[in-house]
Amino acid sequence: MSRRAPEPVHLVKGRRDKALGALVRSIPYARYLGVDFDRRGDELTAVLSYDDKLIGNPLLPAIHGGVTAAFLEITAAVELSWAQLWDEIESGRIDADNLTPETLPRMPKTIDFTVDYLRSGLPRDAYARARINRVGRRYASVHVEAWQDNRSRLYAQATGHFLMPLRDG
């Protein structure tokens, strides 16, 4: 019985990064806001790069609450989609090299999303991580936390419930 040699790490990393890039590019509002993702293994950190257009109150100045909510919701949806996509890539059911925004699996749909604004978002980059609390065939629950300079000093957090797309097969 012959065993296939493992792929070089740089090829695997490149394929996974291409898949994540296709996933993020498939969300027009994420592109507009400037949301990107830093991947370390299967862990994602969302990055909202500061831009003047994100400011809602120029007197403070503070990031608009709608931008914060969208940033958290995008983070949650991408985390759910990435977890599903990661499994599909690792199993070989999806070829990451041929993924485009048009050929990606469907995104989860938001059922409800509750945001807690803990302090003003300052005019600088923001970061967020999502934790999947429960995922089933049709329903998922996710918690998201956002911070700026200090991971332990959150400026917002959210809990969302999502309708998961049906898987083929």
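Residues numbered from 1 in each chain as written. Predicted model: local features only at pLDDT ≥ 70, side-chain atom pairs only at ≥ 80, totals over all residues. Heavy atoms only, no water.

Engineer: What's the story with the sheet that holds strand β5 (residues 109-117) in this structure? I'm lost.
Structural biologist: Working definition: the strands of a sheet are paired by backbone hydrogen bonds and lie parallel or antiparallel to each other. Reading across from one edge, β1-β2-β6-β7-β8-β5 is the order of the six strands in this open sheet, with antiparallel pairing throughout. Edge positions in the sheet fall to β1 (35-40) and β5, since each has one partner strand and no second. If you compare each strand with its neighbour and ignore which way they point, the axes differ by 25° on average. Pairing between strand β6 (residues 126-135) and strand β7 (residues 139-147): eight bridges, direction antiparallel. Bridge pairing in β7 links R129 to E145. Helix-sheet contacts for helix α3 (residues 65-91) involve β1, β2 (43-48), β5, β6, β7 and β8 (154-163), and the interaxial angle to β6 is about 50°. (Pairing = 2+ DSSP bridges. Helix = DSSP H or I, 4+ residues; strand = E, 2+ residues; numbered from the N terminus. Axes fitted to C-alpha atoms, helices over the stretch in contact; angles between N-to-C directions. Contact = heavy atoms within 4.5 Å.)

Engineer: Explain the nonpolar core here, please?
Structural biologist: Most often, soluble globular proteins keep nonpolar side chains buried together rather than apart. The biggest cluster of nonpolar side chains holds 46 residues, and the ones touching the most others in it are F37 and F71. Sorting the residues of this core by element identifies α1 (9-25), α2 (28-33), β1, β2, α3, β6, β7 and β8 as the ones contributing at least two each. Not counting chain neighbours up to four residues away, the residues in contact with F71 comprise V35, A46, V47, L48, A126, Y127, A128, A146 and Y155. (Core = buried A, V, L, I, M, F, W, Y, C linked by side-chain atoms within 4.5 Å. Buried < 20%, exposed > 50% of the residue type's maximum accessible area, 1.4 Å probe, protein only.)

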